[in-house]
Amino acid sequence: MAQKLSEHSFIVVVPAAGVGKRMKANCPKQYLTINGKSILAHTVDRLLSHPLIEKVILSLGEDDQYFAESELAQRDDIIRVDGGKERVDSVLNGLRAINAGEHPWVLVHDAARPCVQLSDIDRLISQCIENDSGGLLATPVRDTMKRGKKDNKNISTVDSTVEREQLWHALTPQLYKTEQLVNAIESALAKKIAITDESSAIEQAGLMSLLISASHENIKITHPDDLVLAEFILNKQKSQTMITQQYKEQS
Ligand SMILES: Nc1ccn([C@@H]2O[C@H](COP(=O)(O)OP(=O)(O)OP(=O)(O)O)[C@@H](O)[C@H]2O)c(=O)n1
Ligand SMILES: C[C@](O)(CO)[C@H](O)COP(=O)(O)O
């Protein structure tokens with residue numbers, strides 16, 4: 001008999017061992033603050049506010065000297081593991097800390113994505129469990145897409161226009177069966193295949209991934225101008241939550 005959704009509880013592996021080169025900040029971008037709170041804390045709090053999410057496994061840089069000083073270090077619903085050279089290594093280290101017998105499914109979510117909506121996580125979980133298939137949050141591409149090429153003066157020009165029908169931006173969380181994901185990543189790494197997200201490892205293993213259309217608000221904070229956008233989105237989401245709360249209390 002299929003388990004009711006409410007009977008599931010999930011661990012989220014959060015790769016947070018990056019250095020944030022493209023952010024060009026004086027600390028790893030996950031420790032930059034918005035409204036006085038680190039991006040990492042925003043993301044972890046958002047995830048742990050979901051009723052089906054029990055624990056977060058944080059893959060942190062071995063030389064990370066920020067976490068221990070943060071309020072996150074005191075929480076018993078957060079487990080720390082060492083990150084790795086690439087994001088995929090950090091994810092694999094986190095996955096290896098999970099007992100697949102107790103947690104047959106696992107979510108993976110970037111530390112740099114604090115604006116993820118709980119309703120999108122709901123849909124990802126329900127669709128994947130219902131279809132017994134892994135999947136990922138994604139947003140359909142909205143612009144005309146070009147593939148570029150560089151000439152001998154390093155100038156980029158249009159090589160072709162890419163058909164955008166069924167072209168998606170992959171987001172996170174991505175949700176997979178724990179054992180399947182570990183095996184898929186280990187197999188891809190053994191074949192020296194570049195893996196930038198969990199679904200690409202699953203794809204290499206010949207397995208299916210559901211594409212769950214999600215909010216464009218779920219941005220990955222990557223460049224400096226993403227910070228002000230993330231602050232705007234977080235403030236908007238906070239006001240929306242307060243309005244919904246007030247409505248519930250009044251009705
Ligand atoms: N070796 C790595 C590299 C990245 N990440 C994490 O993977 C997520 C997505 O990666 P990205 O946005 O590329 O972060 P950085 O690698 O830090 O950014 P950059 O490429 O600009 O250095 C981030 O939460 C980052 O901390 C990780 O855990 N381990
Ligand atoms: C996993 C990811 O968020 C999917 O879009 C993205 O690939 C992670 O960022 P990176 O720069 O590729 O590490």
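Residues numbered from 1 in each chain as written. Chains lettered and ligands numbered in written order. Predicted model: local features only at pLDDT ≥ 70, side-chain atom pairs only at ≥ 80, totals over all residues. Heavy atoms only, no water.

**What about the UniProt feature "site: Positions MEP for the nucleophilic attack" (unreviewed entry) in the chain?**
Using the following cut-off: UniProt positions are given in the numbering used here, feature names are shortened, and annotations may be inferred rather than shown by experiment. By the criteria applied, helices consist of DSSP H or I runs no shorter than four residues and strands consist of E runs no shorter than two, each listed in order from the N terminus. Exposure classes here rest on a 1.4 Å probe applied to the protein chains alone. A residue is buried below 20% of its type maximum, exposed above 50%, and partly exposed in between. By definition in these notes, contact holds between two residues if any of their heavy atoms fall within 4.5 Å.
The UniProt record marks Arg-164 and Lys-220 with the feature "site: Positions MEP for the nucleophilic attack" (unreviewed entry), using the residue numbering of this structure. Residue position: Arg-164 is located in the loop between strand E9 (156-162) and strand E10 (168-177). Judged by its relative accessible area of 37%, Arg-164 is partly exposed. Apart from the residues within four sequence positions on either side, Arg-164 is in contact with Val-141, Arg-142, Asp-143, Thr-144 and Met-145. With respect to the helices, strands and loops of the structure, Lys-220 is situated in the loop between strand E11 (209-213) and helix H6 (225-250).

**Looking at the side chain of Asp-110**
Here Asp-110 lies in the loop between strand E6 (105-108) and helix H3 (118-131). A relative accessible area of 9% places Asp-110 in the buried class. Beyond its immediate stretch of four places on either side in the chain, Asp-110 contacts Val-14, Pro-15, Thr-43, Arg-87, Thr-172 and Lys-220.

**Re the packing of helix H2 (residues 87-95) against helix H4 (residues 178-190)**
Which entries qualify depends on this criterion: Lines are fitted to the C-alpha atoms to define the axes, a helix being fitted only along its stretch in contact, and any angle between axes, read from their N-to-C directions, falls within 0 to 180 degrees. Note on terminology: angles under 35 degrees are roughly parallel, angles over 145 are roughly antiparallel, angles of 65 to 115 are roughly perpendicular, and the others are oblique. If you view the pair so one helix is near and one far, a crossing is left-handed when the near helix is turned anticlockwise from the far one by less than a right angle, and right-handed when it is turned clockwise.
Between H2 and H4, whose axes approach to 10 Å, the crossing angle comes to 140°. Judged by the angle between their axes, H2 and H4 are oblique. Judged by the twist between their axes, the crossing of H2 over H4 is left-handed. Residues Val-88, Asp-89, Val-91, Leu-92 and Leu-95 of H2 lie in contact with H4, whose contacting residues are Leu-181, Val-182, Ile-185, Glu-186 and Leu-189.

**Considering the pairing of strand E7 (residues 134-140)**
Just so we agree on the cut-off: Think of it this way: DSSP has to see at least two bridges between two strands before they count as a pair.
The element E7 is largely enclosed, with a buried count of six among its seven residues. One ladder, built from five bridges, connects E7 with E11; its direction is parallel. Paired with Leu-137 across the strands is Ile-212, a residue of E11. Strand direction decides the pairing type here: E7 and E10, joined by five bridges, are antiparallel. Bridging across to E10, Pro-140 finds its partner in Trp-168.

**A word on the packing of aromatic side chains**
What counts here: Aromatic pairing here means that ring centres of Phe, Tyr or Trp (its six-membered ring) are within 6.5 Å. Orientation follows from the plane angle: under 30 degrees is stacked, over 60 is edge-to-face, and everything else is tilted.
In total, this model carries one aromatic pair according to the counting rule given. A ring pair is formed by Tyr-31 and Tyr-66, whose centres lie 4.8 Å apart and whose planes are at 20°; its orientation type is stacked. With a gap of 35 residues between them, Tyr-31 in the loop between strand E1 (10-16) and strand E2 (33-34) and Tyr-66 in the loop between strand E4 (53-60) and strand E5 (78-82) connect regions that are remote in the sequence.

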